[in-house]
Amino acid sequence: MFGRALVLNATFEPICVVSSRRALVLVLDDKAELLHATGFEYRAARAAYPEPSVVRLAHYVRVPRQTRVAITRRSVFARDEHRCQYCGGQAENIDHVVPRSRGGTHSWDNVVAACRRCNAQKEDHFLEDSGLVLRHLPRAPRSGVWLLAASGELRTEWAPYVTPSLEHAVGI
Ligand SMILES: [Zn+2]
């Protein structure tokens, strides 16, 4: 029944997802303030505490950007909204824009979600020789996409703190 809580930096930037129990400890230690509760309660001997859904840290913490986002099938599909970046169809594979066999790197600006057909058409060609066109230039995802990839699901209360494109991606 108890789930996870979104932790925001003091600046309201989402930084991680923790267990709601861990989030409650942060609140009780005055390290974070409770912004949204789930409606459930933790019951202790003499008190009941609302289960946190979103908390905000009392003090700003520095978080390294991009290094935290692992390139996996799941995270690439989340960034590209499960759409083939060449034709817009349902994505089934990960494609390297510059093929690995031609020196392409396994990096956020060189991987895209692709359907089986486009992936097969691309093979180990350079983009300009493949007859395919990229709909968007691939880039490292913003934090919201990382959160979705890491947590698997997104609570409704988290939506205002993550990116608009992500709200679209998960249909909330
Ligand atoms: Zn395609």
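Refer to the structure presented above.
Residues numbered from 1 in each chain as written. Predicted model: local features only at pLDDT ≥ 70, side-chain atom pairs only at ≥ 80, totals over all residues. Heavy atoms only, no water.

Visitor: Residue-level account of the coordination of the zinc ion, with values.
Guide: For the zinc ion, every protein donor is listed as Cys84 (SG), Cys87 (SG), Cys115 (SG) and Cys118 (SG), and the spread of their distances is 2.3 Å. For the zinc ion, the four donor atoms are set out with angles of 102 to 115 degrees between them, so the coordination reads as tetrahedral. Mapping the donors of the zinc ion onto the primary sequence gives the spacing C-x2-C-x27-C-x2-C. Highlighted residues: cysteine 84 in the loop between α2 (73–79) and β5 (93–96) and cysteine 115 in the loop between β6 (111–114) and α3 (116–122), separated in sequence by 31 residues. Summarising the burial analysis for this pair, cysteine 84 and cysteine 115 share the class buried. (Donors = N, O, S within 2.8 Å, 3.2 Å for Na, K, Ca; no water. Tetrahedral: all angles 85-135°; square planar, octahedral: opposite > 155°, others 65-115°. Helix = DSSP H or I, 4+ residues; strand = E, 2+ residues; numbered from the N terminus. Buried < 20%, exposed > 50% of the residue type's maximum accessible area, 1.4 Å probe, protein only.)

Visitor: Kindly report on the environment of arginine 135, identifying the contributing residues and their values.
Guide: Along the chain, arginine 135 turns up in the loop between α4 (127–130) and α5 (143–151). Of the residues examined, arginine 135 reaches a relative accessible area of 52% and is grouped as exposed. Arginine 135 sits 48 residues away from cysteine 87 along the chain, and the two C-alpha atoms are 7.8 Å apart.

Visitor: Let's hear about the nonpolar core: which residues, and what values?
Guide: With 10 residues, the main nonpolar core is built from Ala5, Val7, Ile15, Val18, Ala23, Leu26, Val27, Ala32, Val55 and Leu57. Of all the secondary structure elements, the ones that give two or more residues to this core are β1 (4–8), β2 (14–19), α1 (20–28) and β4 (48–57). Of the residues forming this core, the biggest block, three residues, is contributed by α1. Beyond its immediate stretch of four places on either side in the chain, leucine 57 contacts Val7, Leu8, Asn9, Ala10, Ile15, Leu26, Lys31 and Ala32. The next biggest cluster of nonpolar side chains, apart from the first, holds nine residues, and it includes Tyr86, Ala114, Cys118 and Leu132. (Core = buried A, V, L, I, M, F, W, Y, C linked by side-chain atoms within 4.5 Å. Contact = heavy atoms within 4.5 Å.)

Visitor: Just give me the short version of the sheet that holds β1, but keep the residues and values in it.
Guide: Here four strands make up an open sheet; going across it, the order is β2-β1-β4-β3 and the pairing mixed. Edge positions in the sheet fall to β2 and β3 (32–43), since each has one partner strand and no second. On average, each strand axis in the sheet is inclined to that of its neighbour by 30 degrees, with strand direction left out of account. Note: β1 against β4, three bridges, orientation parallel. Along β4, the bridge assignment pairs leucine 6 with valine 54. Taken strand by strand, α1 contacts β1, β2, β3 and β4, and its axis lies near 85 degrees from that of β4. (Pairing = 2+ DSSP bridges. Axes fitted to C-alpha atoms, helices over the stretch in contact; angles between N-to-C directions.)

Visitor: Residue-level account of the pairing of β2, with values.
Guide: Across five bridges, β1 lies against β2 in antiparallel orientation. Residue pairing across strands places arginine 4 opposite serine 19, the latter belonging to β2. Between the antiparallel neighbours β1 and β2 lie five residues, among them phenylalanine 12 with a positive phi of about 75 degrees.

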